[in-house]
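# Fold and geometry: a report
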Amino acid sequence: MSTHANTNPPTRTWRDIQQSIAPKAMSSEGRKRLLAGTVKTVCVLFGVCLAGWGVYEAVLTWEKNPMAIKSPVKSVPVKTVNLRTDGVLEKAWVTRTLALPKSAGLMELDLQVLKTRLLESGQIRTVVLSRKFPDTLVVQIEERTPVARVRAQIGAALPKDYLVARDGVVYEGLSYDPALIGSLPYLGDVGMKLSRGRFQPIEGMDKVAELLSTAHVNIPALYRNWQIVSLARYESDGFIIVRSKEVKEITFDTRESDFFKQVALLDMVVAEAHLQPDRPARSVNLAIGESQGCAQVPVVLETAPESTNSPNKLPATNARPAAPSAHSAPQRPVLFTNLRLNPREF
Amino acid sequence: MSSRTKYIGAVEIGTSKVTVLIGELSQGRSLSIIGFGECQSRGVLKGAVMDFRSASDATHSALLAAESNAGVRIDEVYLAQAGGHLDGFYNEASVNVSAADNMVSAIDIDTVCRLAKAKALPDGRMVVHNIRRPFRLDGRLVPDPEHLVGQRLEVGYWTVHGQENKIADNIHVIRGFNVPVAELILTSLASGTMVTSAEDRQNGVLVIDIGGGTTDYALYHDGCAYTTGVISVGGSHLTNDLSLGLRLTEGQAEKLKLRFGSGTVITRDKSEKVWLNGDFAIGDRQFPRQAIEQITSARVWEIFEVVKKKLGVSFVPERLTAGIVLTGGTSKLPGIAEAAAKVFGVTARLGEVPGYINENLRDPGFSTALGLLYFGLNSSAEAAVAGQSRRRNGFFSRLFANA
């Protein structure tokens, strides 16, 4: 056979036969099938067109008026605000703070905005807002617990007491029991900074809170007399200085991992000092004197009757924090030695 | 229907009956026969549609019966093609292997195949099948010459072609049911695949499918079909001969054929007679049995003679180790295998479908429809393998193939 290139026209095969035939040539069953197929095709096309139109409309609406998509259903206006809290905040305050429009439906609420409104009050640590259809807004709140007070003034306003939480957040306490507030010591010598009308969190409050809670649990009698917790030497030396009615200056060391020992020593020192009622302790320094197995605590005893001016006066702490109170004259400390801790006492 | 399941219909529009089988093709790999429909054929003469409406009605009735039997709708049809208009010719081509190292490439194979198929047909004729014979590389038979070394590559094609309008009529009958025709398969190839084993086809076998209006045959050598053909004589001619010879109606002749017809003359007693109906009613009469057998055997003998003549030089008894296999409705005639053996001079037997086929479908009349389903399964499996191959030959596969 020749190996020359083929010049014949391509051979026709049965596949070249047009398989489509006119409906007239079909049997009734064939026409039924054709109709069913056509209806099916039309339905699918219609569905596709409908979906396409829906997407087009949605895009158009999103570009022009996104709120229309966000709140597609005009729901029933919010009737109930359901508050769940682990603290003291009241429903009235929450409702007032949320300031919901009267006719606002549940789906129209911008929960993020409402959440921000609530979090503006520092008393709230976390908040979860959820819709409960048809007309209830559920507010779940986790509140901060105050560990101390601080007195500060903003601008020309009168000085005012604020509460400080364990994480250092400063806030106005609402709905707290006044007795509870009154039992909290003041923070002193704190540098407070304002940012956007709010105080920035105070550094070192975690240590302060730890000290206060240890004292509150283990030496409640002494803790009740604590008036001021000074952070003047916190940044430089890591010391927390507490001023109380019994001892004018107690120095704690935050670098120690455990406040428990320091609190225990304080209790023993105060007990020793009570044996000399004519010369009460003026200062107790728990930051030094530690040695293996025993402790030597420098204690300065009063030499004269207690003056009326200094430690009872509360410092005004704000943008101009009060300076630590100066000692009138250096005195030679008395060492309380061989103080051995007996855990059973606590 | 799951996306991986397809319902295929095998349709044979014969001269005497229309047969439909429905197969459930799962994952393109397994096939279950789930429906069957049969209807007496109308409007079909010698395998060709003569009355479109009647043929459509008969075919659609069978399709509906099969669908209702299976409880599903057919997705596509594998259609058997018969008819006296079908013809075939052999054409071959050869090329010199183009590579300098004489290694046969895919391009060489493609070129030689294209040349072998490029035979112009007369107007109004179109190809039904191009059946390739084995390649020959420097004279030796090779199933796949790619990457083999040789100088001259040859291949031949047996091209089956038919009259365009008759093929179109056949397809349009199915399209009238609004189902696409996926494949058109020669009746003899369909039934031949079913009643012979691969070993038979390798050793050489002649399959003769004697239907109602036509007789289809396919000669296999070396595992592939060498020659096919159709003659427009079938079982209906036996009936017609009886009708003319014994002066009977067509129905009466058909009855006699089914009851007493034979491929060879067995009865030696000329006086032995048989009753037409056997109910002793008015019109019931007797006929000599030997006469019936002589008439039917003469026609059967003639059919085989015509087939042998049409095969011509292609028929070499020595190369027909597996002999002759008879199938089709008329092959149920007693003594027909003996007649074939005498005419062709080789062993002959009745075709049997594989054992896994249901007992109800083991009749020789179903071998074509079963073969169509077999083709459907094979083409789906090939498509699945081709799909996997395409995936395997993806960009990354090719990228790392040379690594």
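About the thresholds
Residues numbered from 1 in each chain as written. Chains lettered and ligands numbered in written order. Predicted model: local features only at pLDDT ≥ 70, side-chain atom pairs only at ≥ 80, totals over all residues. Heavy atoms only, no water. Axes fitted to C-alpha atoms, helices over the stretch in contact; angles between N-to-C directions. Helix = DSSP H or I, 4+ residues; strand = E, 2+ residues; numbered from the N terminus. Parallel < 35°, antiparallel > 145°, perpendicular 65-115°, else oblique. Left-handed = near helix turned anticlockwise from the far one by under 90°. Contact = heavy atoms within 4.5 Å. Salt bridge = Lys/Arg side-chain N within 4 Å of Asp/Glu carboxyl O. Buried < 20%, exposed > 50% of the residue type's maximum accessible area, 1.4 Å probe, protein only. 1 Å grid on protein atoms, 1.4 Å probe; cavity = no way out; pocket = protein on both sides within 12 Å on 5 of 7 lines; lining within 4 Å. Points joined across faces, edges and corners; volume = space filled by probe spheres on them. Nonpolar A, V, L, I, M, F, W, Y, C, P; charged D, E, K, R; others polar. Pairing = 2+ DSSP bridges. Phe/Tyr/Trp six-rings, centres within 6.5 Å; stacked < 30°, edge-to-face > 60°. Lys, Arg positive; Asp, Glu negative; His and termini not counted. Core = buried A, V, L, I, M, F, W, Y, C linked by side-chain atoms within 4.5 Å. Buried area = accessible area lost by both parts, 1.4 Å probe. Polar contact = N/O pair within 3.5 Å; in protein donor to acceptor, adjacent residues only side chain to side chain. pLDDT = per-residue confidence, 0-100.

### As for the packing of helix α1 (residues 52-70) of chain B against helix α3 (residues 164-175) of chain B
When two helices pack together, their arrangement is captured by the angle between the axes and the distance separating the axes. Residues and elements named next belong to chain B. Following both chains from N to C, one finds α1 and α3 inclined at 50°, their axes separated by 9 Å at the closest point. Judged on the interaxial angle alone, α3 and α1 are oblique. Both α1 and α3 take part in a crossing whose hand is right-handed. Every residue of α3 that contacts α1 at F52, A55, S56, T59 and H60 is listed here: D169, H172, V173 and I174.

### Comments concerning the pattern of salt bridges
Between side chains of opposite charge, pairing is possible as soon as their charged atoms come close. All names here are of chain B. Enumeration according to the criterion identifies 22 salt bridges over all chains in this entry. R319 is the partner of D222 in a salt bridge, and the nearest nitrogen-oxygen pair spans 3.6 Å. Of this pair, D222 sits in the loop between β14 (215-221) and β15 (224-231) while R319 sits in the loop between α8 (289-311) and β18 (324-327), and the two are 97 residues apart along the sequence. Overall, D222 belongs to the partly exposed group, its relative accessible area being 25%. Measuring nitrogen to oxygen at the nearest pair gives 3.6 Å for the salt bridge that ties R289 to E293. Remark: E293 and R289 occur in helix α8; sequence separation between them is four residues, near one turn of the helix. Residue R289 is classed as partly exposed on the basis of its relative accessible area of 24%. Classification of E293 as buried rests on a relative accessible area of 2%.

### A look at the layout of surface pockets
Residues and elements named next belong to chain B. Here the largest pocket is characterised by a volume of approximately 1,100 Å³. The wall of the largest pocket is formed by 47 residues, among which T15, S16, K17, G211 and G212 lie closest to the centre. The set of elements that each furnish at least two residues to the lining of the largest pocket consists of β1 (5-13), β2 (17-26), β3 (30-40), β4 (44-45), β13 (205-210), α6 (235-245), α7 (250-260) and α10 (367-392). Of the residues that constitute the lining of the largest pocket, the class distribution is 10 nonpolar, 25 polar and 12 charged.

### Examining the pairing of strand β8 (residues 125-132) of chain B
All names here are of chain B. In terms of burial, β8 is largely enclosed, as six of its eight residues are buried. Note: β8 against strand β11 (residues 152-163), seven bridges, orientation antiparallel. When the bridges of β11 are listed, V127 appears paired with H161.

### Structural notes on the packing of aromatic side chains
All names here are of chain A. Scanning all chains against the criterion turns up six aromatic pairs over all chains. Note on Y162 and F199: the rings are 5.2 Å apart at their centroids and 75° apart in plane angle, and the pair reads as edge-to-face. Taken together, the residues Y162 in strand β5 (residues 160-165) and F199 in strand β9 (residues 198-199) connect sequence positions 37 residues apart. A single burial state applies to Y162 and to F199, both of which are buried. Their ring planes at 55° and their centres at 5.8 Å tell us that Y223 and W226 sit as a pair that is tilted. Relative accessible area serves as the criterion here: at 5%, W226 is assigned to the buried category.

### Quick look at the environment of S314 of chain B
Residue and element names in this part refer to chain B. Mapping S314 onto the fold places it in the loop between α8 and β18. With 88 residues separating them in the primary sequence, S314 and Y226 have C-alpha atoms 8.2 Å apart. For S314, the contacting residues outside a window of four places in its chain are L219, H221 and T227.

### Let's talk about the environment of L45 of chain B
By the element assignment, L45 of chain B lies in strand β4. If we skip the residues at most four places from it in the chain, L45 of chain B touches T15 and M50 of chain B.

### Let's talk about the side chain of D284 of chain B
Residue and element names in this part refer to chain B. Relative to the helices and strands, D284 is located in the loop between β16 (273-275) and β17 (286-288). The charged side chain of D284 is buried without a salt bridge, its nearest counter-charge being R259 at 6.8 Å. Among all residues touching D284, those that are not within four sequence positions of it are W275, L276, N277, G278 and D279.

### Some points on the nonpolar core
Counting 66 residues, the largest nonpolar core has W14 of chain A together with V11, I13, L79, I167, I171 and L370 of chain B as its most contacted members. Counting residues per element, this core draws most heavily on α1 of chain B, at six residues. Core analysis: the second largest hydrophobic core is formed by 42 residues, I202, A215, L266 and A281 of chain A among them.

### Section: the interface of chain A and chain B
Each side of the interface is counted separately: chain A has 24 residues, and chain B has 37 residues. Interface of chain A and chain B: buried area, both sides summed, is about 2,600 Å²; carbon and sulfur atoms make up 52% of it. With a shortest N-O distance of 2.7 Å, E183 of chain B and R15 of chain A are connected by a salt bridge. Counting the contacts that link chain A with chain B gives 12 residue pairs in polar contact (both at pLDDT 80 or more).

### Things to note about the sheet that holds strand β1 (residues 80-85) of chain A
Residue and element names in this part refer to chain A. Read from one edge to the other, the open sheet built from three strands follows the order β1-β3-β2, with strand pairing classed as mixed. Where the open sheet ends on each side, the last strands, each with one partner, are β1 and β2 (124-132). Going across the sheet, the axis of each strand differs from the next one's by a mean of 20°, ignoring polarity. Two strands pair when backbone bridges link them, and β1 and strand β3 (residues 136-143) are joined in this way by six bridges, in the parallel orientation. Counterpart to N82 in the pairing with β3 is V138. Along the sheet, helix α3 (residues 91-98) contacts β1, β2 and β3; its crossing angle with β1, the most-contacted strand, is approximately 120°. Packing of helix α4 (residues 111-119) onto the sheet brings it into contact with β2 and β3, and relative to β2 it is tilted by some 150°.

### Focus: the sheet that holds β3 of chain B
All names here are of chain B. One open sheet holds the five strands; their spatial order is β3-β2-β1-β6-β12, and the pairing between them is mixed. A strand with exactly one partner marks an edge of an open sheet, and here the two such strands are β3 and β12 (181-186). Taking the axes of each pair of neighbouring strands and ignoring which way they run, one obtains an average angle of 20° across the sheet. With 10 bridges connecting them, β2 and β3 associate as antiparallel partners. Across the sheet, K17 pairs through a bridge with Q40, a residue of β3. Packed on one face of the sheet, helix α4 (residues 187-195) meets β1, β6 (76-81) and β12 and runs near 80° to β12.

### Notes on the confidence of the model for chain A
In low-pLDDT segments, the atomic positions of the prediction should not be examined closely. All names here are of chain A. When pLDDT is averaged along chain A, the result is 79; 79% of the residues meet or exceed 70. Looking at the elements of chain A, mean pLDDT is at its lowest for strand β15 (residues 334-339), recorded as 57, and at its highest for β3, recorded as 92. Confidence drops under pLDDT 50 across residues 1-5; counting only partners more than four residues distant or on other chains, this segment forms 11 contacts. pLDDT under 50 marks residues 306-329. Its contacts with residues more than four places away, or in other chains, come to 42 contacts.

### A few points about the packing of α6 of chain B against α8 of chain B
All names here are of chain B. Orientation of α6 relative to α8, taken along the N-to-C sense of each, is 140°, at an axis distance of 9 Å. It follows from the interaxial angle that α6 and α8 lie oblique. By crossing handedness, the relation of α6 to α8 is classed as right-handed. Two secondary-structure elements touch here, α6 through H237, L238, D241, L242 and G245 and α8 through I292, I295, T296, R299, V300 and I303. Classifying every residue of the contact of α6 with α8 by side-chain character gives six nonpolar, three polar and two charged.

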